[in-house]
Amino acid sequence: MRRLLIGLAAGAVFVAATACGSSDSSGSDDAKASGGTTTIKAGVIPIIDVAPLYLGQSKGFYSKRGLKLSLTSAQGGAAIVPGVVSGQFDFGFSNMTSLLVAQSKNMPVKAVSNGVASTGEQGADFAALAVKKGSPLKSAKDVEGKKVAANTLNNICDTSVRESVRKDGGDPSKVEFVEMPFDQMPAALANGQVDAACVVEPALATIKSQGGTSIASLFVDVSPELTVAMYFTSQQYAQKNPETLKKFQEATAESLAYADSHPDEVREIIATYTKIPKNLLETLTLPRWPAEPNRASVERLSELGVQDGLFKTAPDLDKLLP
């Protein structure tokens with residue numbers, strides 16, 4: 001298990017804590033039986049996807065259930081998974097492919113709440129295969145033999161970019177992925193460090209403001225109803241803290257529903273934890289935050305992961321999904 005954790009964390013950047021609450025350990029339900037507030041340590045990514053958590057925190061959806069969120073930023077799900085398994089985080093946010101990779105290696109992860117989903121609209125999704133202004137690349141097939149930025153390797157970016165290239169008649173095995181945080185992608189595109197980027201909001205809005213364009217809606221290419229990411233915990237934490245888990249699920253469900261129906265407040269909260277300039281807030285393409293994951297779309301991600309060699313053993317979705 002130690003070797004597994006080191007392997008998953010190898011590509012991760014330094015995880016920096018944000019000022020969103022205490023870093024005290026939340027302990028087990030038994031330890032909190034006398035009452036009081038339970039601090040939830042959660043690993044997240046500074047992107048639009050996790051806006052519901054920040055909104056839920058500001059609206060009191062967590063505090064009214066006796067929970068206090070302590071949110072820590074990381075580069076991607078591949079960095080957060082080992083943090084949850086090791087107990088550094090109680091809960092984490094991760095793209096589905098990173099969770100599928102972890103489950104295929106028998107890591108004790110369990111998805112507990114839905115995270116974020118594609119809009120399902122070609123040319124109008126919150127994620128894109130993007131290029132800079134004036135790029136000669138016009139469609140997904142054109143990234144054959146080119147460098148494509150991905151926030152972490154062997155995750156949903158790899159899978160979806162390859163599927164977009166495949167559907168466009170190209171050879172996905174010829175794509176070269178370069179790992180970097182989402183917020184560094186606009187500059188990397190502009191200076192020619194990479195030829196294209198698998199990017200999500202708010203970095204996508206920044207690229208478009210610089211004259212860049214989307215050449216593929218890669219999440220839509222995988223599945224129109226794609227469940228992109230979910231919140232998860234370790235099996236050990238779930239077993240030791242059933243009441244806290246239930247409260248987290250309830251508060252997160254309320255937060256997802258609120259975010260889905262209050263787009264203006266989503267745009268406002270994003271400016272508090274990302275580097276998006278306020279003048280670009282109105283240009284953001286918001287994702288969907290449905291209450292439940294779409295299992296068929298996760299099955300499709302699993303199939304693509306097997307096809308592209310991300311898994312040695314196909315993941316068990318019954319063990320992973322709630």
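For the structure itself, look to the data block above.
So, here's what we can say about the structure. (Residues numbered from 1 in each chain as written. Predicted model: local features only at pLDDT ≥ 70, side-chain atom pairs only at ≥ 80, totals over all residues. Heavy atoms only, no water.)

**Focus: the pattern of salt bridges**
Under the counting rule described, the total for this entry stands at twelve salt bridges. Between Glu 163 and Arg 166 there is a salt bridge, with its nearest N and O atoms 2.7 Å apart. Linking Glu 163 with Arg 166, this pair stays in helix 5 (residues 156-167), spanning three residues, or about one helical turn. Judged by its relative accessible area of 3%, Glu 163 is buried. Given the relative accessible area of 24%, Arg 166 is considered partly exposed. Asp 318 is paired through a salt bridge with Arg 295; the nearest N and O atoms lie 2.9 Å apart. Taken together, the positions of Asp 318 in helix 13 (residues 317-320) and Arg 295 in helix 12 (residues 295-307) put the pair 23 residues apart, joining distant regions of the chain. (Salt bridge = Lys/Arg side-chain N within 4 Å of Asp/Glu carboxyl O. Helix = DSSP H or I, 4+ residues; strand = E, 2+ residues; numbered from the N terminus. Buried < 20%, exposed > 50% of the residue type's maximum accessible area, 1.4 Å probe, protein only.)

**Overview of the sheet that holds strand 9 (residues 196-200)**
The strand order 8-7-9-6-10 describes an open sheet built from five strands, whose pairing is mixed. What marks the edges here is a single partner per strand, and that holds for strand 8 (176-179) and strand 10 (213-216). Each adjacent strand pair in this sheet contributes to an overall mean axis angle of 40°, direction not counted. Pairing analysis gives two bridges linking strand 7 (residues 147-150) to strand 9, with the strands arranged parallel. (Pairing = 2+ DSSP bridges. Axes fitted to C-alpha atoms, helices over the stretch in contact; angles between N-to-C directions.)

**Remarks on helix 10 (residues 242-261)**
Here helix 10 spans 29 Å end to end across 20 residues, near enough to the 28 Å set by a 1.5 Å rise per residue. When helix 10 is considered as a whole, its buried residues turn out to be Thr 244, Leu 245, Phe 248, Ala 251, Thr 252, Ser 255, Leu 256, Tyr 258 and Ala 259. The buried side chains of helix 10 occupy one side of the element, clustering within an arc of 165° when seen end-on. (Expected span 1.5 Å × (residues − 1). Arc of directions from axis to C-beta.)

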